[in-house]
Amino acid sequence: MAEAEESPGDPGTASPRPLMRDLKAVGKKFMHVLYPRKSNTLLRDWDLWGPLILCVTLALMLQRDSADSEKDGGPQFAEVFVIVWFGAVTITLNSKLLGGNISFFQSLCVLGYCILPLTVAMLICRLVLLADPGPVNFMVRLFVVIVMFAWSIVASTAFLADSQPPNRRALAVYPVFLFYFVISWMILTFTPQ
């Protein structure tokens, strides 16, 4: 009997093609967030890989370095993870209840990918915190967090605003503002032990 040969892209093979395809798709979505413009690409081809990577990265960077992390007052990994995902689900349900024409997972995708500027802000703040603490250090971190907070808002509203009825856009954007504000506040108030 002749054995059937599997093509390089079949699920039964160890081919890196599907992985590279997914990584390229995640990279393209990151570029859409970095250069926000009205586009349906992020909405049409949704996935949750990028939001998962960003959420885990942000939660890991917000971890304290102390051995006794229960007494340091900082957020634990699970707390950050729950805040991000619960906030995104709440905003998505709000959008659907206001009559938005975006699917549940499309909204989660957009909100998750738009955490990218805040993740970059956290990385910059961690680097700035390596210097001596003081008022200049805080002002630099404040400036970076404000700019990246605004970037997240602009990027997410560029994708989500058209999915809402015109008379309810403000009601849909306000929770997005609060969501990114809470994450920004966690980044700004982070201090390593």
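Residues numbered from 1 in each chain as written. Predicted model: local features only at pLDDT ≥ 70, side-chain atom pairs only at ≥ 80, totals over all residues. Heavy atoms only, no water.

Labelled according to an unreviewed UniProt entry, the protein appears under the name Protein YIPF, originating from Nomascus leucogenys. The UniProt entry for the protein carries the following text under Sequence similarities (unreviewed entry): "Belongs to the YIP1 family." (UniProt positions renumbered as here; feature names shortened; annotations may be inferred.)

A. Fine view of the side chain of Ser 163. Inspection of the secondary structure assignment puts Ser 163 in the loop between helix 7 (135-160) and helix 8 (169-188). Overall, Ser 163 belongs to the buried group, its relative accessible area being 6%. What Ser 163 contacts, discounting residues up to four positions off in sequence, is Gly 100, Asn 101 and Ile 102. (Helix = DSSP H or I, 4+ residues; strand = E, 2+ residues; numbered from the N terminus. Buried < 20%, exposed > 50% of the residue type's maximum accessible area, 1.4 Å probe, protein only. Contact = heavy atoms within 4.5 Å.)

B. Representation of a nonpolar patch on the surface within the structure. Taken together, the side chains of Ile 83, Tyr 174, Phe 177, Leu 178, Phe 181, Val 182 and Trp 185 define a hydrophobic patch exposed on the protein surface, amounting to about 660 Å² of accessible area. Considering every element that reaches the nonpolar patch, the biggest residue donor is helix 8, with six residues. Mapped onto the elements of the fold, Leu 178 is located in helix 8. Of the residues examined, Leu 178 reaches a relative accessible area of 36% and is grouped as partly exposed. (Patch = residues over 30% accessible without salt bridge, like charges linked within 9 Å, V, L, I, M, F, W, Y side chains within 5 Å. Areas by Shrake-Rupley, 256 points an atom, 1.4 Å probe, with all protein chains shown as cover. Salt bridge = Lys/Arg side-chain N within 4 Å of Asp/Glu carboxyl O.)

C. View of the pattern of salt bridges. One pass over the structure, following the stated rule, counts one salt bridge. Where Asp 47 meets Lys 29, a salt bridge forms, and the shortest distance between an N and an O atom there is 2.6 Å. You can see Asp 47 sitting in the loop between helix 2 (41-44) and helix 3 (49-61) and its partner Lys 29 sitting in helix 1 (residues 17-34), a full 18 residues away along the chain. Of the two residues, Asp 47 and Lys 29, both sit in the buried class.

D. Local environment of the nonpolar core. The biggest cluster of nonpolar side chains holds 43 residues, and the ones touching the most others in it are Phe 179, Tyr 180, Ile 183 and Ile 187. Among the elements that take part in this core, helix 7 stands out by supplying eight residues, more than any other. Those residues in contact with Tyr 180 that lie beyond four places of it in its chain are Val 110, Leu 111, Cys 114, Ile 115, Leu 118, Phe 149, Ser 152, Ile 153 and Ser 156. (Core = buried A, V, L, I, M, F, W, Y, C linked by side-chain atoms within 4.5 Å.)

E. Structural context of the UniProt feature "transmembrane region" (unreviewed entry) in the protein. In the numbering used here, UniProt assigns the "transmembrane region" (unreviewed entry) feature to residues 46-62, 74-93, 105-131, 138-160 and 172-191. Along residues 46-62 the backbone is 76% helical and 0% strand, and the end-to-end C-alpha distance reaches 27 Å. Secondary structure over residues 105-131 splits into 81% helix and 0% strand, and the C-alpha atoms at its two ends are 41 Å apart.

F. Layout of the environment of Leu 123. Inspection of the secondary structure puts Leu 123 in helix 6 (residues 116-128). Separated by 66 residues in sequence, Leu 123 and Thr 57 have C-alpha atoms that sit 9.6 Å apart.

G. How the structure looks around the packing of aromatic side chains. For the structure on display, the rule yields nine aromatic pairs. With a centroid separation of 5.9 Å and 20° between ring planes, the pair formed by Phe 77 and Phe 81 is classed as stacked. In this pair, Phe 77 and Phe 81 both sit in helix 4 (residues 77-97), four residues apart, roughly one turn of the helix. The partly exposed category is assigned to Phe 81, whose relative accessible area is 26%. Arranged with centres 5.4 Å apart and planes meeting at 85°, the rings of Phe 104 and Phe 105 form a pair that is edge-to-face. For Phe 105, a relative accessible area of 38% gives the class partly exposed. Taken together, Phe 149, Phe 177, Phe 181 and Trp 185 form an aromatic cluster joined through their ring pairs. (Phe/Tyr/Trp six-rings, centres within 6.5 Å; stacked < 30°, edge-to-face > 60°.)

H. Summary view of the packing of helix 4 against helix 5 (residues 104-113). Running from N to C, helix 4 and helix 5 point in directions that differ by 130°, and their axes come no closer than 9 Å. Taken together, the axes of helix 4 and helix 5 are oblique relative to one another. The chirality of how helix 4 crosses helix 5 is right-handed. Mapping the contact onto sequence places Ala 88, Val 89, Ile 91, Thr 92 and Leu 93 in helix 4 and Phe 104, Ser 107, Leu 108 and Leu 111 in helix 5. Among the residues forming the contact of helix 4 with helix 5, the class breakdown is seven nonpolar, two polar and no charged. (Axes fitted to C-alpha atoms, helices over the stretch in contact; angles between N-to-C directions. Parallel < 35°, antiparallel > 145°, perpendicular 65-115°, else oblique. Left-handed = near helix turned anticlockwise from the far one by under 90°. Nonpolar A, V, L, I, M, F, W, Y, C, P; charged D, E, K, R; others polar.)

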